[in-house]
Protein chains: 2
Amino acid sequence: MNELGGYEFEDLHPGMSATYAKTITEADIVLFAGVSGDNNAIHTNEEFAASTVFKGRIAHGMLSASVISAAIANKLPGPGTIYMSQSLRFRAPVRAGDTVRATITVKELIPEKSRVLLGTDCTVGGKVVIEGEALVALPAK
Amino acid sequence: MNELGGYEFEDLHPGMSATYAKTITEADIVLFAGVSGDNNAIHTNEEFAASTVFKGRIAHGMLSASVISAAIANKLPGPGTIYMSQSLRFRAPVRAGDTVRATITVKELIPEKSRVLLGTDCTVGGKVVIEGEALVALPAK
């Protein structure tokens, strides 16, 4: 463990896994619209959203994806981890009240610069909503 | 233009480009920590962050990346666009007070299901902070 409680590179091995879950609320969607500047009607206009294939407002994809950032920072590798890259494939919509569970899995350890390739999938009620991978770096000791 | 003011598939051609810029404030970082659940010390603890290679607090990578979501939703292709995937390579830190400018460029038009491949780069003061691509779908007419 590092001083913040995160894993050291030597603590990690392929297949290690951890989850972090967060309920996406209406307040989160409103606040995310503000911090991002994304006020797309599909997120903020129920009358419009109800007329689309989604049949109602959905959360911003990047808001659901932000739970991955929390899972990496809070759980695996944990505090101190630095984000290098992230890929995201949005598979299904997330709605206010849904609990997004991000599962982080160690896929590959890259000793040069203490980098780690992570699987980063998100589910709601067992259904995959985001698939992706992240490359992260652990802090220098 | 569609009913929301976004581009139709037929309006787009490779090389089209648009930008959207947003200043990332301290309030945005605090709110993003709340909506994401990511309270990593590098974003919220100035004493710790000052001791790192970053020499102070930085914004969440996914917060800066959310300006891409806004650029797509607000500018190109504009309102009604649906996110399919996004890749993000974090190149440099963003700090409170920095203005993140997301530039969206049409790279490829995929007529099947009206999909569009976009370049999605973010800069601060002309320096690239995020490189990436997005695949989006335009709403059915």
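Residues numbered from 1 in each chain as written. Chains lettered and ligands numbered in written order. Predicted model: local features only at pLDDT ≥ 70, side-chain atom pairs only at ≥ 80, totals over all residues. Heavy atoms only, no water.

Q: Please clarify how the layout of surface pockets should be interpreted in this entry.
A: The gaps left among the atoms become clear once a water-sized probe is rolled over them. Its volume calculated, the largest pocket comes out at about 960 Å³. Around the largest pocket, the lining is made up of 46 residues, and of these Phe54 of chain A together with Gly80, Thr81, Ile82 and Ala137 of chain B lie nearest the centre. Secondary-structure elements contributing two or more residues to the lining of the largest pocket are helix H2 (41-44), helix H4 (61-74) and strand E5 (127-137) of chain A together with helix H4 (61-74), strand E2 (82-90) and strand E5 (127-137) of chain B. In this structure, the second largest pocket encloses a volume near 800 Å³. Lining of the second largest pocket is provided by 40 residues; of these, Gly80, Thr81 and Ile82 of chain A together with Val53 and Phe54 of chain B occupy positions nearest its centre. If you list the elements that add at least two residues to the lining of the second largest pocket, you get H4, strand E2 (82-90) and E5 of chain A together with helix H2 (41-44), H4 and E5 of chain B. Along the lines of polarity and charge, the residues of the lining of the second largest pocket split into 23 nonpolar, 11 polar and six charged. (1 Å grid on protein atoms, 1.4 Å probe; cavity = no way out; pocket = protein on both sides within 12 Å on 5 of 7 lines; lining within 4 Å. Points joined across faces, edges and corners; volume = space filled by probe spheres on them. Helix = DSSP H or I, 4+ residues; strand = E, 2+ residues; numbered from the N terminus. Nonpolar A, V, L, I, M, F, W, Y, C, P; charged D, E, K, R; others polar.)

Q: Teacher, can you tell me more about the pairing of strand E4 (residues 115-124) of chain A here?
A: Along any regular strand, the residues point their side chains to alternate faces of the sheet. Residues and elements named next belong to chain A. With eight of 10 residues buried, E4 is to be regarded as a mostly interior element. As paired strands, strand E3 (residues 99-110) and E4 are joined by 10 bridges and run antiparallel to one another. The partner of isoleucine 104 across the bridge, within E4, is threonine 120. Count of turn residues in the E3/E4 antiparallel hairpin: four residues, of which lysine 113 carries a positive phi of about 60°. (Buried < 20%, exposed > 50% of the residue type's maximum accessible area, 1.4 Å probe, protein only. Pairing = 2+ DSSP bridges.)

Q: Sorry, what's going on with the sheet that holds strand E1 (residues 17-23) of chain A here?
A: Paired through backbone hydrogen bonds, the strands of a sheet run either parallel or antiparallel to each other. Spatial strand order, E1(A)-E3(A)-E4(A)-E5(A)-E2(A)-E2(B)-E5(B)-E4(B)-E3(B)-E1(B): 10 strands in an open sheet with antiparallel pairing. Among the strands making up the open sheet, the edge pair consists of E1 of chain A together with strand E1 (17-23) of chain B. Across this sheet, the average inter-strand angle for adjacent strands is 20°, counted without regard to direction. Judged from the seven bridges that link them, E1 of chain B and strand E3 (residues 99-110) of chain B form a sheet pairing that is antiparallel. Note on E3 of chain B: the bridge partner recorded for serine 17 of chain B is threonine 105 of chain B. (Axes fitted to C-alpha atoms, helices over the stretch in contact; angles between N-to-C directions.)

Q: Help me out: how do you make sense of the interface of chain A and chain B in this one?
A: How big an interface is tends to be expressed through the accessible area that disappears when the partners come together. On the side of chain B, 38 residues touch chain A, which itself brings 38 residues to the contact. Among the residues chain A hides against chain B, the three largest losses belong to Val35, Met62 and Phe90 of chain A. Together they make up 21% of the total. Connecting chain A to chain B are zero salt bridges. Scanning the region where chain A abuts chain B turns up 10 residue pairs in polar contact (both at pLDDT 80 or more). Listing elements by their share of the side of chain A that touches chain B, those giving two or more residues are E1, helix H1 (26-36), H4 and E2 of chain A. The residue inventory of the side of chain A that touches chain B, partitioned by class, reads 20 nonpolar, 13 polar and five charged. Relative to E2 of chain B, E2 of chain A runs antiparallel, the two sharing five bridges. From the neighbouring strand, glutamine 86 of chain A faces E2 of chain B, where its bridge partner is leucine 88 of chain B. (Contact = heavy atoms within 4.5 Å. Buried area = accessible area lost by both parts, 1.4 Å probe. Salt bridge = Lys/Arg side-chain N within 4 Å of Asp/Glu carboxyl O. Polar contact = N/O pair within 3.5 Å; in protein donor to acceptor, adjacent residues only side chain to side chain.)

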